[in-house]
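# Understanding the architecture of this molecule
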Amino acid sequence: MFYFGYRRVAETEKVKLVQRHFNTVARKYDLMNTILSFGLHHLWKRSAIRRLGLNPGDRVIDVCGGTADLAILAARAVGSSGRVVLCDFNRPMMDAGRSKVIGSPSSRQIMYVQADAEQLAVADESFDAAMVGFGIRNLTHMDRGFQEMHRVLKPGGKLMCLEFSLPTASWFRWLYDLYSFSIMPFLGKILVGSWEAYIYLPESIRMFPQPEELTAILQEIGFSRVTHRRFTNGIAVVHLGMKHTPRKEEEINLSRSGKSSNPRASQR
Ligand SMILES: C[S@@+](CC[C@H](N)C(=O)[O-])C[C@H]1O[C@@H](n2cnc3c(N)ncnc32)[C@H](O)[C@@H]1O
């Protein structure tokens, strides 16, 4: 079953609706993010990048990178010898962030690839870190998005997923629901001209797995050392994980038995 917010949709329709949503919001996306989160999204992004622990020279992929906030922060962390590939399937979103990238001191480290997160057009095991900020919720098959991030990470590579969630305190949840379903779409109508676009946002947040469920999904996909941290009473959550590094004995045993340590290899 596939959903666009609370609406049940056909598998093929979902991707079109998501593209149309981002076509609508792209030009005002950054402004709306800052207004709706009272500027908090900048703090969450900075903290998430800090926790990811990038090193100078790292190669990073920013999946669903949109207007490039995370890519710019990552480029700063990896320095002039590092690289950040921003991957997104929506041209207006990438274009909306282009001036920020050009104006940043790390612009030369950032490259753009227009591609679907469910089919990343990049080689296996080519990145030290893979990150996705507020994007995975929009995918038709979230698991395929994470599998792709797992595929492109080098063994021992790091994953970071920053996504919206729900407050843990009941009084705050009540206020947040009120805010989400009245003020958010109202501001969407006034500033972007679309009530629907800012109804999709709170609905899709409520359809997204809770942090503990997301941890289980990531572990199932093959990430190890998965941890999460809530920001602002749970409005946003960062998950961190690592692509399993096979231990030497495992590699020896697998090579003796003629099996590959890469589960995808056996499917080919
Ligand atoms: C909410 S924006 C987040 C942008 C940015 N990462 C940030 O943190 O501000 C979500 C982005 O995901 C992109 N997106 C959604 N589904 C996608 C898919 N299947 N493949 C690639 N990009 C996708 C959208 O185009 C949009 O730019």
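This is a predicted model, so every value here is computed, not measured. (Residues numbered from 1 in each chain as written. Predicted model: local features only at pLDDT ≥ 70, side-chain atom pairs only at ≥ 80, totals over all residues.)

## What to know about the pairing of strand 8 (residues 223-231)
- Note: strand 8 against strand 9 (residues 236-243), seven bridges, orientation antiparallel. When the bridges of strand 9 are listed, Thr227 appears paired with Leu240.
- Between the antiparallel neighbours strand 8 and strand 9 lie four residues, among them Thr232 with a positive phi of about 50°. (Pairing = 2+ DSSP bridges. Helix = DSSP H or I, 4+ residues; strand = E, 2+ residues; numbered from the N terminus.)

## A few points about the site of the ligand
- In the vicinity of the ligand lie 20 residues, with Cys64, Gly66, Asn90, Ala117 and Gly133 positioned nearest.
- When residues of the shell around the ligand are traced back to their parent elements, those giving at least two are helix 1 (11-25) and helix 4 (69-78).
- Among the residues forming the shell around the ligand, the class breakdown is nine nonpolar, seven polar and four charged. (Near = placed C-beta within 6 Å. Nonpolar A, V, L, I, M, F, W, Y, C, P; charged D, E, K, R; others polar.)

## Considering the environment of Gln147
- Along the chain, Gln147 turns up in helix 6 (residues 142-152).
- Separated by 34 residues in the primary sequence, Gln147 and Phe181 have C-alpha atoms spaced 33 Å apart.

## Some points on the sheet that holds strand 4 (residues 83-88)
- The seven strands are arranged 5-4-3-6-7-9-8 in an open sheet whose pairing can be described as mixed. Bordering the open sheet on either side are strand 5 (110-114) and strand 8, each of which pairs with just one other strand. Neighbour to neighbour, the strand axes of the sheet diverge by 15° on average, direction disregarded.
- As defined by bridge partners, strand 3 (residues 59-63) adjoins strand 6 (residues 127-133) across four bridges and the pair is classed as parallel. Of the residues in strand 6, the one forming a bridge with Val60 is Ala129.
- Sheet strands touched by helix 5 (residues 91-103): strand 4 and strand 5. Its angle to strand 5, the strand with the most contacts, is close to 170°. (Axes fitted to C-alpha atoms, helices over the stretch in contact; angles between N-to-C directions. Contact = placed C-beta atoms within 7 Å.)

## Things to note about the pairing of strand 3
- Most of strand 3 sits inside the fold, with five of its five residues counted as buried.
- Burial along strand 3 is two-sided: Arg59, Ile61 and Val63 and Val60 and Asp62, pointing in opposite directions, are all buried.
- Once you follow strand 3 into helix 4 and on to strand 4, the crossover reads as right-handed. (Buried ≥ 20, exposed ≤ 12 C-beta atoms within 10 Å, placed from the backbone. Right-handed = clockwise from strand over helix to strand, strands pointing away.)

## Some points on the environment of Arg137
- Considering the arrangement of structural elements, one finds Arg137 in the loop between strand 6 and helix 6.
- Taking the C-beta count within 10 Å as the criterion, Arg137 has 20 such neighbours and is therefore assigned buried.
- Sequence separation of Arg137 and Phe208 is 71 residues, and the distance between their C-alpha atoms is 6.3 Å.
- Setting aside anything within four residues of it in sequence, one finds Arg137 in contact with Glu163, Ser204, Ile205 and Phe208.

## A word on the packing of helix 3 (residues 40-52) against helix 4
- Viewed as axis vectors pointing N to C, helix 3 and helix 4 meet at an angle of 40°, and their least axial separation amounts to 10 Å. The angle between helix 3 and helix 4 places the two elements in the oblique class. As for the relative orientation of helix 3 and helix 4, their crossing is right-handed in sense. From helix 3, Lys45, Arg46 and Ile49 reach across to helix 4, where they touch Asp69, Leu70, Leu73, Ala74 and Ala77. (Parallel < 35°, antiparallel > 145°, perpendicular 65-115°, else oblique. Left-handed = near helix turned anticlockwise from the far one by under 90°.)

## Notes on helix 5
- With 13 residues, helix 5 ought to run about 18 Å at 1.5 Å a step, and its terminal C-alpha atoms sit 19 Å apart, in line with that.
- Taking the largest bend as the criterion, helix 5 deviates by roughly 35°, centred on Gly97.
- Those residues of helix 5 that fall on the buried side of the exposure criterion are Met93, Met94, Ala96, Gly97 and Val101.
- For helix 5, the secondary structure elements touched by its buried residues are helix 1, helix 2 (29-36), helix 4, strand 4 and strand 5. (Expected span 1.5 Å × (residues − 1). Bend = angle between axes of the 7 residues up to and from the residue.)

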